[in-house]
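Below, each chain spelled out in residue letters.
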Amino acid sequence: MEPLRSLILAAARNNAVRDLVASAPGTRALVERFVAGADTASAIEAGRGLVDAGLSVTMDYLGEDTTDAALAEQSVQAYLEMLDALRVTGIAGQAEVSVKLSALGQRFDESLALALAERICARAQRCGTTVTFDMEDHRTTDSTLRIVGALRREWPWVGAVLQAYLYRTAADCAALAGPESRVRLCKGAYAEPADVAYPDPHEVDLSYVRCANILLAGDGYAMFGTHDPRLVRIITERARWYDRKPGSYEFQMLYGMRPQEQLRLAGEGEKVRVYLPYGRQWYGYLMRRLAERPANLSFFLRSVVSR
Ligand code: FAD
């Protein structure tokens, strides 16, 4: 992993850095750019705007690494409220939810996380939409795939996320590329050691293409989460090669990242879904975005220096 990226991801766990980031003058602008508001109503408003522009949406109620059952229950309530709102506003056909299992207590009680995830999936089914479970650091991969596997027995449309930076991911793609599956492929956003993940970004890109080929050759619904223009181009070509029509796979990008490109792809007939985070627990999410993109980081650092 590149030194700057691993430095930021390591600093993200430091309380002094957390306080500095929270109080820096540029933070508010960055949060507003990448987070669609603090509550369900603002997320619905942003989501509706994207749907009206021809895009699909996946709503992410921010929060992770919960160590408390009461907070996990709060996350469930937020998702139930969001699912009801998607149904009531009539956008459930174009908008689903993305959930981090660590926000549902996965780190301290896997069976609690499964039980809470079941409630979210049952409500999603009733509201006419789907759920995709985000993938977090590699210590949770087996647990997340176990939970997703259990959920898929009742709700085959439950989506999983696989990270191209992990050595294991080509095998996971092959295992999950069957009928009815929904898999989001992304590069991976966490600080991972070289014994589990490719340290070289070029190797990650090569792995992404290998994994994309496996998903496109399979029978499932493939979701490509990337802003990388080279990967978007390669996947568009590979999809034609595998005779995949737009709508039998989709591109996904994060809210606030390459919005013109999202519209351009949709204008070319591709299905494009925007990952739309909302809520107050934006810190971990924001730090991963800073680590990914030097342009975001320099914008933020300028605001700290000019205090
Ligand atoms: P990068 O490697 O960040 O960028 C490659 C190149 O793309 C850059 O060099 C630049 O040329 C271009 N580029 C990138 N961003 C921009 C921009 N804003 N403007 C112009 N050019 C740009 N990670 C997880 O670990 N777990 C998850 O569950 C997860 N879910 C995700 C869901 C979605 C919808 C997306 C899009 C990402 C998700 N991620 C997740 C994050 C992902 O793993 C990557 O960390 C993140 O997407 C950055 O990788 P990238 O493929 O976008 O390209």
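Computed from a prediction, not measured in an experiment: that's the story for all the values here.

A.B. asks: Quick question: what am I supposed to make of the sheet that holds strand 5 (residues 182-186) here?
C.D. replies: Each strand in a sheet pairs with another by means of backbone hydrogen bonds, the pair being arranged parallel or else antiparallel. A barrel is described by the order of its strands in space; here 8 strands give the closed sequence 1-2-3-4-5-6-7-8, paired in parallel fashion. With strand direction ignored, the average angle separating the axes of adjacent strands in the sheet is 30 degrees. Direction of pairing for strand 1 (residues 56-61) relative to strand 8 (residues 272-278): parallel, over a ladder of 6 bridges. In the sheet register, Thr58 faces strand 8, and the bridge partner there is Tyr275.

A.B. asks: Is there a simple way to explain the site of the ligand in this structure?
C.D. replies: Near the ligand you find 22 residues, and of these Asp134, Cys186, Gly225, Thr226 and Gln252 are the closest. Breaking the shell around the ligand down by element, the ones donating at least two residues are strand 4 (159-163) and strand 7 (249-254). A per-element tally of the shell around the ligand places strand 7 first, with 3 residues. Looking at the shell around the ligand residue by residue, the classes come out as 10 nonpolar, 6 polar and 6 charged.

A.B. asks: It is not clear to me how the nonpolar core should be interpreted in this structure. Could you clarify?
C.D. replies: A general trend in soluble globular proteins is that nonpolar side chains are found buried together. Grouped together as the largest cluster of nonpolar side chains are 85 residues, with contacts concentrated most on Ala117 and Leu185. With residues near it in sequence (within four places) discarded, Ala117 still touches Val99, Leu101, Leu104, Ile147 and Leu151.

A.B. asks: Would you mind going over the UniProt feature "binding site: FAD" (unreviewed entry) in the protein with me for this structure?
C.D. replies: Taking the numbering used here, the UniProt-annotated feature "binding site: FAD" (unreviewed entry) corresponds to Met135, Gln163, Lys187, Gly188, Ala189, Thr226 and His227. Its place among the elements puts Thr226 in the loop between strand 6 (221-225) and helix 10 (229-241). Every residue in contact with Thr226, bar those within four places of it in the chain, is listed here: Cys186, Lys187, Leu231 and Val232. Inspection of the secondary structure assignment puts His227 in the loop between strand 6 and helix 10. Discounting chain neighbours no more than four positions away, the residues touching His227 are Met253, Met257 and Arg258.

A.B. asks: Honestly, the UniProt feature "binding site: substrate" (unreviewed entry) in the protein in this entry has me stumped. Any pointers?
C.D. replies: Following the UniProt record, one finds the feature "binding site: substrate" (unreviewed entry) at Lys100, Arg288 and Arg289. Following the sequence through the fold, Arg288 ends up in helix 12 (residues 283-292). C-beta crowding within 10 Å serves as the criterion here: with 19 such atoms nearby, Arg288 is assigned to the partly exposed category.

A.B. asks: Looking at this model, I keep getting lost on the pairing of strand 4. Mind explaining?
C.D. replies: On a regular strand, one side chain projects to one face of the sheet and the next to the other, so that they alternate. Buried residues dominate strand 4, accounting for 5 of its 5 residues. Taken together, the 2 bridges between strand 3 (residues 131-133) and strand 4 define a ladder with parallel strand orientation. Within strand 4, the position partnered with Phe133 by the bridge is Ala160. Handedness of the crossover joining strand 3 and strand 4 through helix 7 (residues 141-154) is recorded here as right-handed. Of the strand pairs in this sheet, strand 4 and strand 5 are connected by 5 bridges, and their pairing is parallel. Directly across from Ala160, in strand 5, lies its bridge partner Val183. Chirality of the crossover, the property in question, places the unit of strand 4, helix 8 (residues 169-176) and strand 5 among those that are right-handed.

A.B. asks: I would appreciate a short explanation of the confidence of the model for the protein in the present structure.
C.D. replies: Low pLDDT marks regions whose predicted coordinates should not be analysed in detail. In the predicted model, the protein carries a mean pLDDT of 93, and the fraction of residues at 70 or more is 96%. Under the prediction, the complex receives an ipTM of 0.98, its pTM being 0.95.

A.B. asks: How do you make sense of unusual backbone geometry when you look at a structure like this?
C.D. replies: A negative phi holds for most residues other than glycine; trans holds for most peptide bonds. One non-glycine residue, Glu180, lies in positive phi territory at about 75 degrees. One can find Glu180 in the loop between helix 8 and strand 5. Glu180 sits in the exposed class, given 12 other C-beta atoms within 10 Å. Positive phi is not limited to glycine here, since Arg258 has a value of about 50 degrees.

Definitions and cut-offs
Residues numbered from 1 in each chain as written. Predicted model: local features only at pLDDT ≥ 70, side-chain atom pairs only at ≥ 80, totals over all residues. Pairing = 2+ DSSP bridges. Helix = DSSP H or I, 4+ residues; strand = E, 2+ residues; numbered from the N terminus. Axes fitted to C-alpha atoms, helices over the stretch in contact; angles between N-to-C directions. Near = placed C-beta within 6 Å. Nonpolar A, V, L, I, M, F, W, Y, C, P; charged D, E, K, R; others polar. Core = buried A, V, L, I, M, F, W, Y, C linked by C-beta atoms within 7 Å. Buried ≥ 20, exposed ≤ 12 C-beta atoms within 10 Å, placed from the backbone. Contact = placed C-beta atoms within 7 Å. UniProt positions renumbered as here; feature names shortened; annotations may be inferred. Right-handed = clockwise from strand over helix to strand, strands pointing away. pLDDT = per-residue confidence, 0-100.

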